[in-house]
Amino acid sequence: MLALWDPQHFQAVVDYNTCEKELLEDEDIVRHIQEGAFVPLNVCGDGAFGILVRTASADAPARLTERAAAHRLITSQPSHFVSRGRVLVGGIETVSGNASDGVIEHPVPQGRYAVVVHLIDWQAEPGSQDADGRPVPEALPDFVVLINSAQSGQGAYRTAVQTFELPND
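Residues numbered from 1 in each chain as written. Predicted model: local features only at pLDDT ≥ 70, side-chain atom pairs only at ≥ 80, totals over all residues. Heavy atoms only, no water.

Undergrad: I'd love a proper account of the overall build of the protein chain, names of residues and values included.
TA: The helix and strand tally for the protein chain stands at three helices and seven strands. Taken from the N to the C terminus, the helices and strands of the protein chain come in the order β-α-α-β-β-α-β-β-β-β. Relative to its length of 169 residues, the protein chain is compact, with a C-alpha radius of gyration of 16 Å against a globular reference of 15 Å. Once local pairs closer than 6 in sequence are excluded, the contacts in the protein chain between residues at least 24 apart make up 77%. Accessible area of the protein chain: about 9400 Å², with a carbon and sulfur share of 48%. Charged side chains in the protein chain number 11 positive and 23 negative. The centres of these two groups are separated by 8 Å. (Helix = DSSP H or I, 4+ residues; strand = E, 2+ residues; numbered from the N terminus. Rg over C-alpha atoms; globule rule 2.2 N^0.38 Å. Contact = heavy atoms within 4.5 Å. Areas by Shrake-Rupley, 256 points an atom, 1.4 Å probe, with all protein chains shown as cover. Lys, Arg positive; Asp, Glu negative; His and termini not counted. Charge placed at Lys NZ, Arg CZ, Asp CG, Glu CD.)

Here you go:
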């Protein structure tokens, strides 16, 4: 599982044992989601994923580009997130108060946010892969994470461990 988290919330996570204590069971993860400190990027599968995080500016909301919107597969319901100045993005096993190797650090002004995750079918875009099927440098990411200010009357936020609600078969 990949995730976006508030590093200050996880200052006490310093090793495998403290990480396991905080994030081993789904109910532990849900608690952190409800507190606005953790947003899962969870598609229930392993792999190497590209992630783009975009935060709203003072004059414009964070949005998908036309290119990404053309290849969007599914969009999550918003998750509540409380920023204390930055977010970290990486694998669940890297959750802590510090950015380690492979963890993306992204500045997000202090405040309350609605985070929406888009799953992108980057492979559907012509020219996105090299001869070996690997993404070219300008390929779209797998996930585009949009962080916008929470609005009053936003309604309920997503609290599920799985990022996307799948249609019933």
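Picking up where we left off.
Undergrad: Go over the layout of surface pockets with me, naming the residues and quoting the values.
TA: The volume enclosed by the largest pocket comes to roughly 220 Å³. Lining the largest pocket, in full, are Val13, Val14, Asp15, Tyr16, Cys19, Glu20, Leu23, Leu24, Ile92, Glu93, Val95 and Ser96. Looking at the lining of the largest pocket, its residues break down into eight nonpolar, one polar and three charged. (1 Å grid on protein atoms, 1.4 Å probe; cavity = no way out; pocket = protein on both sides within 12 Å on 5 of 7 lines; lining within 4 Å. Points joined across faces, edges and corners; volume = space filled by probe spheres on them. Nonpolar A, V, L, I, M, F, W, Y, C, P; charged D, E, K, R; others polar.)

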